[in-house]
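Per-entry structural report
Below, each chain spelled out in residue letters.
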Amino acid sequence: MGEIRGEKVRFRRQDFVALHELPSALVDDPLIVHCPPRATLARRILRYLIGISGLILVVVGGVFAVVESGALDAALSNGARAVLNSAVGPAYRAEIGETAIRFSDTFQLAVEARNVAIVPEGGKSPLALTQSVAMVLDPIALLGGQFKVKEIVTHGVALDARLLPAGPPIDFANLRIDGIPAVLDRAFLELDQIQSFIAKGGLDRMRVGGLEVSTTGTNGRPLLISVDDLAMERGADDSLSFFGAVSVNGQQTEISALTANTGGKAQSLTLRLADVRLTPFLLKRGAAGNPRQGLDGSAKVTISAKRAGEGQSPEMNMIVETAGGTIYSDGIAQELTRARLNFGYDFTKDTLELSSSRAEFGGMILPLSGGLIDLDRLPGNTETGSGIGIDLLVSEGRADVPSAGEAPFPFSLKLFGRYVNEKHELKFDTFTVSTPNGTMDASLGIRFVGTGPEIRFDALIRDMKTSVVKQLWPYWIAAKPRRWVLANIFGGTITNGQISVFIPQDRLTVEPKPLHLDENELRVSLDIVDARMNITGEIPPLRDTSAHLELAGRQVVTTIHSAASYFPSGRVVKVERGELKLEDIYRKPLMADINIAVSGAADAVAELVSFKPIRALERVGFAVADFTGAVRGEAHVRLGLISDQHPPDPDWKAHLELTEVDVAKPYSGARSPNSPARSTSTRRRRGWRARPGSMTYRWSFRSPSRSTRTSRLRASAWSS
């Protein structure tokens, strides 16, 4: 017992006695004490893990508390400044308002630089202001004393691109089509360097949001480009992908780009820009803000390229798609319904090819194909200097201008020419339009100088239907005569036609300025046969018309050689000669002078002068049925052609010579002096009757007086 009480301190294995062998366990009612089982290895490991986890939680919680409290801000601020200054380059410096060490949304350690200003060296005005730049750090590298950034997130960046130093302008004279392969190779080499730099830096992700770039558009107006949200990610093979949204003057564009790597190098690149707003770059407005020249619309652009490699040829393609746009020329709008342009580079010919393309202007459909080549490699070129040869073909196009009131027709268009850099001149020596109903051979030259281009266009037309000319007439050349021709001339053939347009430099400007071309700048001469031409008012149109149209500057003169007018009653009047003259097409209201000499039956001519706006018989009390015999007459009318311009009332006069004519009743009971005409009385009529072959009447009518609103008629008779 003494040993049990503590005297004995050393025991051997045989000294241990099991509890159930002790005297207290051998009594009738023993007291059994159950001891816990011996701990297993798994339980011991679990206890150790729980203890270590608790310790880690305590440490992490302490670190989190220390980081969020800002105790380490000063320690890592120098590293953040060093990273930003190395990123902006030697010509700029980064000024940081404050630096904070925080945890990112994914609970990674991040250094957040706030109120960052990028200032040019030696300058005072900041080039860019940033609310915050968060740099997610690599904790393993940080424990080793390295400031390594895995991810960058920026927010609230304002960049004024107008403060950037102006670089040398693009020298278009040195741009060559056959230089595209070298540019493509250089682009892939630079892409390899960017990927390698990002991979070595360990940057896995970069995200930019709230970036605003202020600059100036082509029209001199402010241009704001905003990066709403743009992210870059690095793949497992160091390939890069970009996706996000960019806005131009509030119009958002989705952007995505992806590189594919082989052997650690970029082998292909795909770039997509959705809904790119073209208006700020391609549309020029006047001082009042109204569109004047260019394109108002947006486009979708897809660019894909592959570099040359083992078993792979280089490729480069670009697709431009647009819909719902508007083209303006001299402030006149033309709908661009939709267009798809497919460009591809031919590495065997060193040419830029346009294929399987299409443009639609309302009902006008243009299937497009062609190519571009360097001017010094263009076969048959005689121009010196640098430039580009252009070959463009419209095959099986469809012309459809609803305002012309004519049926659509197929046509083909071939353009072959060049652009010379030194002269800033675009010239097409071959400009051929072929249709089933005639052809046109033309030449076009545009020189881009001054505030407005110089344009010269000359064309010859042979045996072409007027329906073709009306629908191929450019909408912005001589707009007012074009509108009158579209509405009033139908059918027929232009046997011979000449068109000459010369718009001098600075006449077609952005600022609204009337484009009034004189007779040396605009001339159109057309010989027309078998056409139908509307006159005015309710007068039936002239049919089977043979005429000559001469447009010279402000004046349009249509000389009618012969025609006929068919009335609803079945009567016919022949037009022996006539003239429709627009003295000044630029003056409002647009006025026309119409002179027509006619012949025919008396009742037919009487019906002619009964139509609006003449209405001679209505005003003098005669009816068409009151006349029989043969009549020759002339009508002179001056009236406005466009009702929207609110022209004055028509001014007209008519002169009739009646031969062997019966008049059913006297005019106000009057009788011409010394007239041998005799009065006849029957149950049907009472009036004057000329003796056959011996009497001619001459009647003159004038439009109503503006003061009395009454018509005037003067009649005389003499022996033939």
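Residues numbered from 1 in each chain as written. Predicted model: local features only at pLDDT ≥ 70, side-chain atom pairs only at ≥ 80, totals over all residues. Heavy atoms only, no water.

Turning our attention to the overall build of the chain. Counting its secondary structure elements, the chain contains ten helices and 34 strands. The proportion of buried residues among the 720 residues of the chain is 40%. By sequence separation, contacts in the chain at least 24 residues apart represent 52% of the contacts at least 6 residues apart. For the chain, the exposed area adds up to about 39,700 Å²; of that, 56% sits on carbon and sulfur atoms. (Helix = DSSP H or I, 4+ residues; strand = E, 2+ residues; numbered from the N terminus. Buried < 20%, exposed > 50% of the residue type's maximum accessible area, 1.4 Å probe, protein only. Contact = heavy atoms within 4.5 Å. Areas by Shrake-Rupley, 256 points an atom, 1.4 Å probe, with all protein chains shown as cover.)

Attention now moves to a nonpolar patch on the surface. On the surface, L41, I45 and L49 cluster together to form a nonpolar patch covering roughly 310 Å² of accessible area. Relative to the helices and strands, L41 is located in helix α2 (residues 41-69). (Patch = residues over 30% accessible without salt bridge, like charges linked within 9 Å, V, L, I, M, F, W, Y side chains within 5 Å. Salt bridge = Lys/Arg side-chain N within 4 Å of Asp/Glu carboxyl O.)

Moving on: the nonpolar core. With 90 residues, the main nonpolar core has F411, F431, M440, F457, I461, V501 and L522 as its most contacted residues. With near-sequence residues (within four places) excluded, V501 lies in contact with I455, R456, F457, I477, L517, E521 and L522. Membership of the second largest hydrophobic core comes to 13 residues, among which are A94, V116, I118 and I152. (Core = buried A, V, L, I, M, F, W, Y, C linked by side-chain atoms within 4.5 Å.)

Looking now at the side chain of S239. If you trace the backbone, S239 turns up in the loop between β6 (222-234) and β7 (240-248). Side-chain polar atoms of S239 contact the side chain of D237, separated by 2.7 Å. Apart from the residues within four sequence positions on either side, S239 is in contact with Q195, E233, R234, T259 and N261. (Polar contact = N/O pair within 3.5 Å; in protein donor to acceptor, adjacent residues only side chain to side chain.)

The next thing to look at is the confidence of the model for the chain. The predicted model of the chain averages 77 in pLDDT, with 73% of residues at 70 or higher. When mean pLDDT is compared element by element in the chain, strand β16 (residues 364-374) scores highest at 95, while strand β31 (residues 678-681) scores lowest at 29. Residue range residues 706-720 is modelled with pLDDT below 50. Its contacts to residues more than four positions away, or to other chains, number 42 contacts. (pLDDT = per-residue confidence, 0-100.)

In this section: the packing of aromatic side chains. In the structure shown here, the tally under the stated rule is four aromatic pairs. Ring geometry for Y345 and F347: centres 4.8 Å apart, planes at 70 degrees, overall edge-to-face. The buried category is assigned to Y345, whose relative accessible area is 7%. Looking at F347, the relative accessible area reads 23%, which means it is partly exposed. For the pair Y419 and F448, a centre-to-centre distance of 6.5 Å together with 50 degrees between the ring planes defines the contact as tilted. Placement of Y419 in strand β18 (residues 409-420) and of F448 in the loop between β20 (438-447) and β21 (454-465) is noted, with a sequence separation of 29 residues between them. Cation over ring: K470 sits above F490, and NZ or CZ is 4.0 Å from the ring centre. (Phe/Tyr/Trp six-rings, centres within 6.5 Å; stacked < 30°, edge-to-face > 60°. Lys NZ or Arg CZ within 6 Å of the ring centre and 35° of its normal.)

A few words now on the pattern of salt bridges. Going through the model one piece at a time under the given rule, you end up with 28 salt bridges. The residue D296 makes a salt bridge to R277 at a minimum N-O spacing of 3.2 Å. Of this pair, D296 sits in strand β11 (residues 291-296) while R277 sits in strand β9 (residues 265-277); the two residues are 19 residues apart in sequence, bridging distant segments of the chain. Relative accessible area serves as the criterion here: at 19%, D296 is assigned to the buried category. The closest approach of N and O atoms between D429 and R418, which form a salt bridge, is 2.7 Å. In this pair, D429 is assigned in strand β19 (residues 425-435) and R418 in strand β18, connecting sequence segments eleven residues apart. For D429, a relative accessible area of 42% gives the class partly exposed. Each of the salt bridges in this network shares a partner with another, and the network as a whole consists of R176, D178, D374, D376 and R377.

Now for helix α8 (residues 479-488). For α8, the buried fraction is high: seven of the ten residues fall into the buried class. Taken together, the buried positions of α8 are occupied by K480, P481, R482, W484, V485, L486 and N488.

Along the polypeptide, E634 turns up in strand β29 (residues 627-640). Of the residues examined, E634 reaches a relative accessible area of 29% and is grouped as partly exposed. Sequence separation between E634 and A654 is 20 residues, and the spatial gap between their C-alpha atoms is 5.7 Å. Aside from chain neighbours lying at most four places away, what touches E634 is R577, I596, A597, K653, A654 and H655. At a separation of 2.7 Å, a polar atom in the side chain of E634 contacts the side chain of R577.

On to the side chain of S565. Inspection of the secondary structure assignment puts S565 in strand β26 (residues 555-566). Within the structure, S565 has its side chain in polar contact with the backbone oxygen of P540 (distance 3.4 Å). Excluding residues within four positions of it along the chain, S565 makes contact with P540, P541, L542, R571, V572 and V573.

All right, on to the environment of L354 then. You can see L354 is positioned in strand β15 (residues 351-361). Note: C-alpha distance between L354 and G370 (16 residues apart in sequence) is 5.0 Å.

Moving on, we come to the pairing of strand β8 (residues 251-262). Where β7 and β8 come together, eight bridges link them in antiparallel fashion. Following the sheet pairing, S247 is matched in β8 by Q252. Bridge count between β8 and β9: nine bridges; the pairing is antiparallel. Bridging from a neighbouring strand, L258 pairs with T270 of β9. Linkage of β8 to β9, two consecutive antiparallel strands, is achieved through a turn of two residues, within which G263 is found at a positive phi near 65 degrees. (Pairing = 2+ DSSP bridges.)

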